[in-house]
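A structural walkthrough
Chain residues, written in single-letter form:
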Amino acid sequence: MFTQLKQLPADPILGLSVKFKADSNANKIDLGAGIYKDETGHTPVLACVKAAEQFRVDKEPSKAYLGSAGSAVFNEKMTALILGEHKVIAENRIRTVSTPGGTGALRVAGEFIKTCTPGATIWVSNPTWANHQGVFTAAGLNVKTYPYYDYENNCLDFEGMLAALKQVPKGDAVLLHACCHNPSGMDLSKEQWQQVADVAKQVGFMPVVDMAYQGFGQDLDADAYGLRLMADTVEQMIICSSCSKNFGLYRERIGACSVIGQSAISADIISSVLLSVVRVLYSMPPAHGAAIVETILSSTELTNQWHGELKEMRDRINGMRQLLVDKLASNGVTRDFSFITSQNGMFSFLGIDKAQVQQLQDKYSIYIVGSSRISLAGISSDNVDYLTKSIAKIL
Ligand code: LMR
């Protein structure tokens, strides 16, 4: 059976990390995967996470199964983190299950949509995270795209987006990035969210909001503005969230899939379907990451500490956005890269072609995704000169 298998190409994002590790160039720079790094290039364990882990070591009462929804406390805390004091919580219309990371949440969402509507189509932004297409296709959905980024002018193609969304057939799903759009860093304004929410209501498509970077744009509440507005406007929606980036829990694999129904009764039915989807996929989610997050969110002191650490990560990345633009100019690049400072989160496109991306990798050991997406978190005041001089050379 295995002899018929063909070698597949490495994952466009994760494959870069493997190549980067194997590179012996002392000047190498990793701007590939979306993973936070400090000024020294290290991805730290947050102090609030360490404290929560210690608390769990001392106090965790059992390792018995928690069930397919995972920890009820985590699910409740995550729902509040995502939605704030939203009416859908008071109306008992939302059900959340813990998932193995944000990717797990997306796969659960995909399977859930397929259960509701076999053969359903989900529309994703062009461009979108490289794994969205694969996750939804694997779940049995058809995947189509709507315009999103204007590569010519390095801005949002909002007219194109809105026109396409107006044509989406009723009952199809539409994936929206809550904040810090991956890969472009280009987010919707408040007014644009309002227009998208109005179209969702008029057309009757199912919004599926992916929130993998809450807290990396402006702050925890501002980054959730669009999805909260959407929940004000439509009766049903799906939210996939992740604790990988904002809690720095990447390898612990913890996220959540939340589904809002029209009533408490329909939310109970939704919950039963979510549990059956999870049961056959992975039975139940890993517990450690959820235990850390619920411990932090159950303590005012740890929550405040987390807010401070999250702000530090966000401020460092924003500082690197400005530094990159300044250094490109001072190291002889005449092209205007100022758009990078008005984008959000970990990513922006450099706007160079695939051959130039490859040149950066082969000649200078600078690793960026083939689409020219850079992770700003990999830049530091130590490597920015080498980086910008190298970009100047390939330009
Ligand atoms: C990314 O987009 O780089 C991250 O979400 C990591 C991943 O799993 O692709």
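Residues numbered from 1 in each chain as written. Predicted model: local features only at pLDDT ≥ 70, side-chain atom pairs only at ≥ 80, totals over all residues.

Focus on the environment of leucine 141
Examined against the element boundaries, leucine 141 turns out to sit in the loop between α6 (132–138) and β4 (142–147). Its 23 C-beta neighbours within 10 Å are what place leucine 141 among the buried residues. Distance in space between the C-alpha atoms of leucine 141 and leucine 360 is 36 Å, their sequence separation being 219 residues. Ignoring anything within four residues of it in the chain, the contact list for leucine 141 reads Gly110, Ile113, Lys114, Ala120, Thr121, Ile122 and Phe136. (Helix = DSSP H or I, 4+ residues; strand = E, 2+ residues; numbered from the N terminus. Buried ≥ 20, exposed ≤ 12 C-beta atoms within 10 Å, placed from the backbone. Contact = placed C-beta atoms within 7 Å.)

Comments concerning the site of the ligand
Residues in contact with the ligand, as listed here, are Ile13, Ala33, Gly34, Trp129, Asn131 and Asn182. When its residues are assigned to classes, the shell around the ligand shows three nonpolar, three polar and no charged. Both domains that meet at the shell around the ligand, namely domain 1 (2–45 + 302–394) and domain 2 (65–298), each give it at least three residues. (Near = placed C-beta within 6 Å. Nonpolar A, V, L, I, M, F, W, Y, C, P; charged D, E, K, R; others polar. Domains from an automatic or database assignment.)

Focus on unusual backbone geometry
When glycine is set aside, most residues are seen to have a negative phi, and most peptide bonds are trans. With an omega of 10°, the peptide bond between asparagine 126 and proline 127 qualifies as cis. Mapped onto the elements, proline 127 comes out in the loop between β3 (121–126) and α6. Look at the link from asparagine 182 to proline 183: it is a cis peptide, with omega at 25°. Mapping proline 183 onto the fold places it in the loop between β7 (173–177) and α8 (190–203). With a phi close to 50°, asparagine 154 is a non-glycine residue in the positive phi region.

Things to note about the domain arrangement of the protein chain
Parsing the protein chain into structural domains produces domain 1 (2–45 + 302–394) and domain 2 (65–298). Taking only C-alpha atoms, the centre of domain 1 and the centre of domain 2 are 26 Å apart. With 25 residues of domain 1 in contact, the opposing surface of domain 2 contributes 24 residues. Elements with a contribution of two residues or more to the side of domain 1 that touches domain 2: α13 (300–330) and β11 (347–349). Top contributing element to the side of domain 1 that touches domain 2 by residue count: α13, with six residues. Looking at the side of domain 1 that touches domain 2, its residues break down into 15 nonpolar, eight polar and two charged.

Considering the sheet that holds β4
If you trace the seven strands from one edge of the open sheet to the other, you get β2-β10-β9-β8-β7-β3-β4, paired in mixed fashion. At either margin of the open sheet sits one strand with a lone partner, and together these are β2 (94–99) and β4. Within this sheet the neighbouring strands show an average axis-to-axis angle of 25°, counted without direction. By the bridge criterion, five bridges tie β7 to strand β8 (residues 206–211) in an arrangement that is parallel. (Pairing = 2+ DSSP bridges. Axes fitted to C-alpha atoms, helices over the stretch in contact; angles between N-to-C directions.)

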